[in-house]
Amino acid sequence: MPDLILGPDGLARCGWVGDDAEYRRYHDEEWGRALHGDRALFEKLSLEGFQAGLSWITILRKRPRFREVFAGFEPARVAAFDGDDVERLMLDAGIIRNRAKIEAAIGNARLLLELAPGAFDELMWSFAPAPGRPRPRSFADVPAVTPESTAMSAALRTRGFRFVGPTTMYALMQSGGMVDDHLVGCHRAG
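Notes on the structure in this doc start here. From a predicted model like this one, the values you see are computed outputs, not experimental measurements. (Residues numbered from 1 in each chain as written. Predicted model: local features only at pLDDT ≥ 70, side-chain atom pairs only at ≥ 80, totals over all residues. Heavy atoms only, no water.)

What to know about the overall build of the protein chain
The condition that has to hold: The helix and strand labels rest on DSSP assignments: H or I over at least four residues marks a helix, E over at least two residues marks a strand, and numbering proceeds from the N terminus. All radius of gyration figures rest on C-alpha atoms, and the globule criterion is 2.2 Å times the number of residues raised to 0.38. Buried, partly exposed and exposed residues are distinguished by accessible area as a fraction of the type maximum, computed with a 1.4 Å probe on protein chains only: under 20%, between the cut-offs, and over 50%, respectively. Computed by Shrake-Rupley with a 1.4 Å probe, the accessible areas treat only the displayed protein chains as cover when residues are assessed. Counted charges follow a simple rule, with Lys and Arg positive, Asp and Glu negative, and His plus the chain ends left uncounted. Where a charge sits is defined by one atom per residue type, namely NZ (Lys), CZ (Arg), CG (Asp) or CD (Glu).
Assigned secondary structure in the protein chain consists of nine helices and two strands. Counting helices and strands in the order they occur from the N terminus, the protein chain gives β-β-α-α-α-α-α-α-α-α-α. Relative to the 2.2 N^0.38 estimate, which gives 16 Å for 190 residues, the radius of gyration of the protein chain is 17 Å and therefore close to what a compact globule would have. Seen through its C-alpha atoms, the protein chain measures out along the principal axes to roughly 50 × 35 × 25 Å. Within the span of the protein chain, comprising 190 residues, buried residues form 48% of the whole. As displayed, the protein chain offers around 8900 Å² of accessible surface, 54% of which is attributable to carbon and sulfur atoms. Taking the average place of the 24 positive charges on the side chains of the protein chain and the average place of its 26 negative ones, the gap between the two points comes to 2 Å.

Here you go:
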């Protein structure tokens, strides 16, 4: 995969976008932009957990259905899911039908509700590295894990959250704008 690609619109983008229109839209409009709010970060945490072991484009294409069947990722509504909901979700081919990941999303919603409103957002953003980190020049410069993502993972695991490994948390940090890994030369690079 090349580090940068030129899109049909003439704009240079990070090479992971490939030639997929949905990936281009996601790259340009979402990836790397600061994401705040308990609900929004819970959705990102859940989807990143479902992505573990799969490609992100798979999750991105299934995201509308995930949002529908997981009650818009409203933590209070997901926390109220029970065994019948787990079985309903296991039968839904529009999402990733992995019992452990489904149960983790429900359990994580319950844990989030133990925090004061806004505390989950504050917790997650407390691990964002200080500004001034050099922009990566190539994919080889982009880490899979950082001390910050490892610390975030540990803090969440201590609280009982699941599917929050350091690599998954770094992906969340990238997609949620806690770090900006748009490569030098990408039209989105600051």
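A few points about the layout of surface pockets
Condition: For cavity detection a 1 Å grid was placed over the protein atoms alone, and a set of points counts as a cavity when a 1.4 Å probe fits there but cannot get out; an open set counts as a pocket when protein lies on both sides within 12 Å along at least five of seven lines, with lining residues being those that have an atom within 4 Å of a point. Grid points are joined across faces, edges and corners, and a volume is the space filled by probe spheres set on the points. Under this grouping Gly is polar, as are all residues other than the nonpolar Ala, Val, Leu, Ile, Met, Phe, Trp, Tyr, Cys and Pro and the charged Asp, Glu, Lys and Arg.
Looking at the largest pocket, its volume works out to about 480 Å³. Taken together, 21 residues form the lining of the largest pocket, with Trp16, Trp31, Trp56, Ala171 and Gln174 sitting closest to its centre. Looking at the lining of the largest pocket, the elements with two or more residues in it are α1 (21-29), α2 (38-51) and α9 (166-175). Among the elements that make up the lining of the largest pocket, the one with the highest residue count is α9 (six residues). Tallied by class, the residues present in the lining of the largest pocket amount to 14 nonpolar, five polar and two charged.

Structural notes on empty space enclosed by the protein
Unoccupied space between atoms shows up once a probe the size of one water molecule is rolled over them. For the coordinates displayed, the defined rule picks out one cavity of 30 Å³ or more. Within this model, the largest cavity holds a volume of roughly 40 Å³. When contributions to the lining of the largest cavity are tallied by element, the ones reaching two or more residues are α2 and α6 (99-113). Considering only residue class, the lining of the largest cavity consists of five nonpolar, three polar and two charged.

A look at helix α5 (residues 83-90)
Under the convention used in this document: Note that the arc is computed from the directions linking the helix axis to the C-beta atoms. Think of a polar contact as two N or O atoms within 3.5 Å of one another; within protein, one of them needs to be a possible hydrogen donor and the other a possible acceptor, and neighboring residues in sequence only count if both atoms come from side chains.
Listed as buried for α5 are Asp85, Val86, Leu89 and Met90. One side of α5 holds all its buried residues, which, seen down the axis, span an arc of 140°. Here α5 starts with a cap whose side-chain oxygen sits 3.0 Å from the backbone nitrogen of Asp84, and that cap is Asp82.

Describing the packing of aromatic side chains
Selection rule: Aromatic pairs are defined between Phe, Tyr and Trp rings, using the six-membered ring for Trp, whenever the two ring centres lie within 6.5 Å; interplanar angles under 30 degrees are classed as stacked, those over 60 as edge-to-face, and all others as tilted. We call a charge positioned over a ring when the NZ of a Lys or the CZ of an Arg lies within 6 Å of the ring centre and within 35 degrees of the ring normal.
Scanning the model with the defined rule gives 11 aromatic pairs in all. Summarising the aromatic geometry, the rings of Phe42 and Phe73 are spaced 6.0 Å apart at their centres and angled 65° between planes, so their arrangement reads as edge-to-face. One end of the pair, Phe42, is in helix α2; the other, Phe73, is in the loop between α3 (56-69) and α4 (75-79), with 31 residues separating them in the sequence. The class for Phe42 is buried, based on a relative accessible area of 0%. Between Arg88 and the ring centre of Phe81, over which it is positioned, the NZ or CZ distance is 5.3 Å.

Quick notes on the packing of α2 against α9
Heads up, the rule is: Axis angles are defined between N-to-C directions and span 0 to 180 degrees, where every axis is a line fitted to C-alpha atoms and, for a helix, only to the segment in contact. Note on angle classes: values under 35 degrees are labelled roughly parallel, values over 145 roughly antiparallel, values of 65 to 115 roughly perpendicular, and the remainder oblique. In this scheme the crossing of two helices becomes right-handed for a clockwise turn of the near helix relative to the far one and left-handed for an anticlockwise turn of less than a right angle. By the convention used here, residues are in contact when the closest approach between their heavy atoms is within 4.5 Å.
One way to put it is that α2 packs onto α9 with a least axis distance of 10 Å and a crossing angle of 130°. On the basis of their axis angle, the class for α2 and α9 is oblique. The chirality of how α2 crosses α9 is right-handed. Together, Lys44, Leu45, Glu48 and Gly49 of α2 and Thr168, Met169, Ala171, Leu172 and Ser175 of α9 make up the contact between the two elements. Looking at the contact of α2 with α9, its residues break down into four nonpolar, three polar and two charged.

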